Amino acid sequence: QVQLVESGGGLVQPGGSLRLSCAASESIYSAYFLGWYRQAPGKERELVGFMTNGGGTSYGDSVKGRFTISRDNTKTVSLYMNNLGLEDTAIYYCTIRLGGVQYWGEGTLVTVSS
């Protein structure tokens, strides 16, 4: 059972940047899928972006060009977010697929407000 813990959320002004981290309880080097989702108040959870074990990445249209997923080491994945807007306010969740099992963190809240 892999535990995932997100951190780095908080309050940021429009146009600002944040880095979210997802720390795993064990190595996720062989994870097939490393992803970030978000859920805004009153909305369904949506895919922010993901990275495959080959290093390829894909992003949702709403964050493309502003967000970047990075595998920092064997246990940490980061989401770099730039030029944040009010619409980016949400709880952000990291998820991995490892050994055929999908694991989720508890989420970290990002609030974009002036």
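All figures in this text were calculated on a predicted structure; none of them were measured in a lab.

Q: Would you mind showing me how to read the overall build of the protein here?
A: What the protein contains, in helices and strands, is 0 helices and 11 strands. The N-to-C order of helical and strand elements in the protein reads β-β-β-β-β-β-β-β-β-β-β. Taking 13 Å as the expected radius of gyration for a compact globule of 114 residues, we find that the protein reaches 13 Å, a close match to that expectation. Summarising its shape, the C-alpha atoms of the protein cover approximately 40 × 25 × 25 Å along the three principal directions. Counting all 114 residues of the protein, 42% fall into the buried class. In the protein, the proportion of contacts linking residues at least 24 apart, taken out of those at least 6 apart, comes to 54%. Of the accessible surface of the protein, which amounts to about 5900 Å², a share of 48% is contributed by carbon and sulfur atoms. Positive and negative side-chain charges in the protein, numbering 9 and 9 respectively, have mean positions lying 4 Å apart.

Q: Before we go on, may I ask you to explain the nonpolar core in this structure?
A: The tendency in soluble globular proteins is for nonpolar side chains to be buried as a group. Of all hydrophobic cores here, the largest spans 30 residues; its most connected members are Trp36, Leu79, Met81, Tyr92 and Ile96. Only β3 (18-24), β4 (33-39), β5 (46-52), β7 (67-71), β8 (76-81), β9 (90-98) and β11 (108-112) provide two or more residues apiece to this core. Apart from the residues within four sequence positions on either side, Tyr92 is in contact with Glu6, Leu20, Trp36, Tyr37, Arg38, Val48, Phe67, Leu79, Met81, Gly107, Thr108 and Val110.

Scoring rules and cut-offs
Residues numbered from 1 in each chain as written. Predicted model: local features only at pLDDT ≥ 70, side-chain atom pairs only at ≥ 80, totals over all residues. Heavy atoms only, no water. Helix = DSSP H or I, 4+ residues; strand = E, 2+ residues; numbered from the N terminus. Rg over C-alpha atoms; globule rule 2.2 N^0.38 Å. Buried < 20%, exposed > 50% of the residue type's maximum accessible area, 1.4 Å probe, protein only. Contact = heavy atoms within 4.5 Å. Areas by Shrake-Rupley, 256 points an atom, 1.4 Å probe, with all protein chains shown as cover. Lys, Arg positive; Asp, Glu negative; His and termini not counted. Charge placed at Lys NZ, Arg CZ, Asp CG, Glu CD. Core = buried A, V, L, I, M, F, W, Y, C linked by side-chain atoms within 4.5 Å.

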